[in-house]
Amino acid sequence: MLGNLLGAAGDISTGLLGNMGLSMIDGGFAQVIQDRTLPIIQFILYIMQWAVVNLIEAALLMTALFAPIAVALSLLPLAGRPIFAWLSGFLGILAVQMGYNILVGLMAFVIVNIDNVSEVISSMGFLMFSAVFSPYLAYEIGRGGGVALYQGISNRAIFAVQAMSSLLAQVTQVAVRMLV
């Protein structure tokens with residue numbers, strides 16, 4: 001009964017749309033969007049993806065070039081060690097790059113293994129994911145890992161300095177008692 005009603009409603013709407021010529025406008029509009037707009041959108045997304053990949057590579061290169069400065073500043077008697085901040089930043093950028101590569105590879109694997117998906121939808125979905133969503137997710141995960149790593153290194157360094165100063169104080173007390 002319900003199937004008959006739905007079938008009748010579909011026949012009526014098809015007849016009305018066919019009579020009004022709306023299906024032709026819809027088809028023509030879709031054709032214009034597909035022919036004119038989609039290549040522009042794809043071009044913009046390719047540019048964004050290219051920019052993200054090259055930006056990560058440039059950040060790794062620039063961070064690596066600052067390693068000697070961080071080592072030199074770590075030799076100075078400062079409260080913290082700049083080499084730890086440099087190391088956590090470098091590892092954070094590496095985590096961003098690795099996370100981005102894993103996300104894009106996983107998405108490509110999923111798209112290849114999906115059945116019955118049109119080429120336009122899968123290519124646009126992949127481009128949107130690799131140009132917009134993957135960089136953001138990889139950045140957030142890498143940033144969180146870099147901050148956690150820096151905090152862990154800082155806490156261990158503070159603990160080591162406190163332990164060494166405590167040990168030095170005890171050795172000094174023993175030496176003073178022996179001399180007196």
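All figures in this text were calculated on a predicted structure; none of them were measured in a lab.

### Overview of the packing of aromatic side chains
Within the structure shown, the criterion is met by 1 aromatic pair. Centroid distance W86 to F90: 5.3 Å. Interplanar angle 10 degrees. Geometry classified as stacked. A residue pair is termed a helical-turn pair when its members lie 3 or 4 positions apart in one helix, as W86 and F90 do in helix α4 (residues 82-113) at 4 residues. Across the pair, exposure class does not vary: W86 and F90 are buried alike.

### Notes on the side chain of S134
Structurally, S134 can be placed in helix α5 (residues 119-179). Exposure remark for S134: the relative accessible area of 0% places this residue in the buried category. Ignoring any residue separated from it by four or fewer positions in sequence, one finds S134 in contact with Y100, L103, V104 and F129.

### Topic: the side chain of T63
Among the structural elements, T63 can be located in helix α2 (residues 22-65). Excluding residues within four positions of it along the chain, T63 makes contact with W86, F90 and I93.

### As for helix α3 (residues 67-75)
Turning to α3, its buried residues are A67, A70 and S74. Summarising the axial view, the buried residues of α3 lie within an arc of 60 degrees, below the 170-degree limit, and thus occupy one face. Away from its buried face by more than 90 degrees, α3 exposes P68 and L75.

### A short note on a nonpolar patch on the surface
Together, I40, F43, I44, I47, M48, M128, V132 and F133 make up a nonpolar patch on the protein surface, roughly 710 Å² of accessible area in all. Looking at the nonpolar patch, the elements with two or more residues in it are α2 and α5. For the nonpolar patch, the element with the highest residue contribution is α2, accounting for 5 residues. Relative to the assigned elements, V132 resides in helix α5.

### Brief notes about α4
Relative to the 46 Å expected for 32 residues at 1.5 Å per residue, α4 spans 47 Å between its end C-alpha atoms, a close match to the ideal helical length. Where α4 is concerned, the buried positions are W86, S88, F90, G92, V96, Q97, Y100, L103, V104 and I111.

### Examining the nonpolar core
Counting residues in hydrophobic clusters, the biggest one holds 7 residues: V52, I56, V96, Y100, L103, V104 and A138. Contributions of two or more residues to this core are made by α2 and α4. For this core, the element with the highest residue contribution is α4, accounting for 4 residues. Sequence-distant contacts of A138, that is, excluding residues within four places in its chain, are made with V96, G99, Y100 and L103.

### Focus: the confidence of the model for the protein
When pLDDT is averaged across the protein, the result is 74; 69% of the residues are at 70 or more. Mean pLDDT per element in the protein: helix α1 (residues 2-20) is the minimum at 45, and α3 is the maximum at 86. Contacts of residues 1-24 to residues separated by more than four positions or lying in other chains number 2 contacts, the stretch itself having pLDDT below 50.

### Looking at the packing of α3 against α4
Describing two packed helices takes the angle between their axes plus the distance from one axis to the other. Close contact between α3 and α4 brings their axes to 7 Å; oriented N to C, the two are set at 150 degrees. Of the possible angle classes, the one that applies to α3 and α4 is roughly antiparallel. On the side of α3, the interface is formed by A67, A70, V71, L73 and S74, while α4 contributes P82, I83 and W86. Here the residues of the contact of α3 with α4 sort into 7 nonpolar, 1 polar and no charged.

Basis of the calculations
Residues numbered from 1 in each chain as written. Predicted model: local features only at pLDDT ≥ 70, side-chain atom pairs only at ≥ 80, totals over all residues. Heavy atoms only, no water. Phe/Tyr/Trp six-rings, centres within 6.5 Å; stacked < 30°, edge-to-face > 60°. Helix = DSSP H or I, 4+ residues; strand = E, 2+ residues; numbered from the N terminus. Buried < 20%, exposed > 50% of the residue type's maximum accessible area, 1.4 Å probe, protein only. Contact = heavy atoms within 4.5 Å. Arc of directions from axis to C-beta. Patch = residues over 30% accessible without salt bridge, like charges linked within 9 Å, V, L, I, M, F, W, Y side chains within 5 Å. Areas by Shrake-Rupley, 256 points an atom, 1.4 Å probe, with all protein chains shown as cover. Salt bridge = Lys/Arg side-chain N within 4 Å of Asp/Glu carboxyl O. Expected span 1.5 Å × (residues − 1). Core = buried A, V, L, I, M, F, W, Y, C linked by side-chain atoms within 4.5 Å. pLDDT = per-residue confidence, 0-100. Axes fitted to C-alpha atoms, helices over the stretch in contact; angles between N-to-C directions. Parallel < 35°, antiparallel > 145°, perpendicular 65-115°, else oblique. Nonpolar A, V, L, I, M, F, W, Y, C, P; charged D, E, K, R; others polar.

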